[in-house]
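Inside the fold
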Amino acid sequence: MATDAPPPSKEQHKLPSPEEFAEVHESAEFGELRRSYRSFAFPLTVGFIAWYLLYVLLSNYAGGFMGTKLFGNINVAFILGVAQFVTTFLIAWWYSRHAAAKLDPKAEAIKTRMESGA
């Protein structure tokens, strides 16, 4: 089975001490990494939960609206249900791009510096 990932490194990395972890945790660079994550993930999570709850509430309390046929046997409930799946995959794709562009390089820099003992 072939993979695109390189084989694991054979070289031993220095394990950081608890003091080094605390120092990195307090650093501005780590704070920026957390801010980048939170500023992306939290609003998107809140928005998706609101969108999901809207769908559930409409399904429970707006049966007439949700049962409105748009074309053939396709109604509003079906379209909004499919849109739930579509938005789930779009958010996952968007987060993957965001993480690869903004989060992973910062995290890798911190990890490399900690493992090298710098």
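The name recorded for the protein in an unreviewed UniProt entry is Clumping factor B, from Streptomyces qaidamensis.

Quick look at the pattern of salt bridges now. A complete count under the given rule lists four salt bridges for this structure. One salt bridge connects K106 with E32, and the closest N-O pair in it is separated by 3.5 Å. With a gap of 74 residues between them, K106 in helix 4 (residues 76–116) and E32 in helix 2 (residues 28–61) connect regions that are remote in the sequence. Exposure remark for K106: the relative accessible area of 24% places this residue in the partly exposed category. Residue E115 is joined to K111 by a salt bridge in which the shortest nitrogen-to-oxygen separation is 3.9 Å. On the criterion of helical spacing, the pair formed by E115 and K111 is a turn pair, its members being four residues apart in helix 4. What makes E115 partly exposed here is its relative accessible area of 23%. With relative accessibility at 40%, the residue K111 sits in the partly exposed group. One network of salt bridges, with partners in common, ties together E32, R35 and K106.

Residues L70, F71, F78, I79, V82, V86, L90, W93 and W94 make up a contiguous nonpolar surface patch of about 910 Å² in total accessible area. At the level of elements, strand 1 (69–71) and helix 4 are the ones that each hand at least two residues to the nonpolar patch. Among the elements that line the nonpolar patch, the one with the most residues is helix 4, at seven residues. For V82, the position within the fold is in helix 4. The class of V82 is partly exposed, set by a relative accessible area of 35%.

Look at helix 2 against helix 4: their axes get within 10 Å of each other, and the N-to-C directions meet at 170°. Taken as axis vectors, helix 2 and helix 4 run roughly antiparallel relative to one another. Partitioning the contact of helix 2 with helix 4 into residue classes produces 20 nonpolar, six polar and four charged.

Moving on, we come to the side chain of H98. Position of H98 relative to the elements: it lies in helix 4. Classification of H98 as buried rests on a relative accessible area of 14%. What H98 contacts, discounting residues up to four positions off in sequence, is S36, F40 and L103.

Turning next to the packing of aromatic side chains. Enumeration over the complete set of coordinates arrives at four aromatic pairs. Here the aromatic rings of F40 and Y95 are separated by 5.9 Å at their centres, their planes lie at 45°, and the arrangement is tilted. Of the two residues, F40 is situated in helix 2 and Y95 in helix 4; the sequence distance between them amounts to 55 residues. An aromatic cluster is present here, built from Y37, F40, F42, W94 and Y95 joined pairwise through their rings.

This part takes up the UniProt feature "transmembrane region" (unreviewed entry) in the protein. UniProt annotation of "transmembrane region" (unreviewed entry) refers to residues 40–58 and 70–95 when read in the numbering used here. End-to-end, the C-alpha atoms of residues 40–58 are 27 Å apart, and along that stretch the chain is 100% helix and 0% strand. Along residues 70–95 the backbone is 77% helical and 15% strand, and the end-to-end C-alpha distance reaches 32 Å.

Conventions and cut-offs
- Residues numbered from 1 in each chain as written.
- Predicted model: local features only at pLDDT ≥ 70, side-chain atom pairs only at ≥ 80, totals over all residues.
- Heavy atoms only, no water.
- Salt bridge = Lys/Arg side-chain N within 4 Å of Asp/Glu carboxyl O.
- Helix = DSSP H or I, 4+ residues; strand = E, 2+ residues; numbered from the N terminus.
- Buried < 20%, exposed > 50% of the residue type's maximum accessible area, 1.4 Å probe, protein only.
- Patch = residues over 30% accessible without salt bridge, like charges linked within 9 Å, V, L, I, M, F, W, Y side chains within 5 Å.
- Areas by Shrake-Rupley, 256 points an atom, 1.4 Å probe, with all protein chains shown as cover.
- Axes fitted to C-alpha atoms, helices over the stretch in contact; angles between N-to-C directions.
- Parallel < 35°, antiparallel > 145°, perpendicular 65-115°, else oblique.
- Nonpolar A, V, L, I, M, F, W, Y, C, P; charged D, E, K, R; others polar.
- Contact = heavy atoms within 4.5 Å.
- Phe/Tyr/Trp six-rings, centres within 6.5 Å; stacked < 30°, edge-to-face > 60°.
- UniProt positions renumbered as here; feature names shortened; annotations may be inferred.

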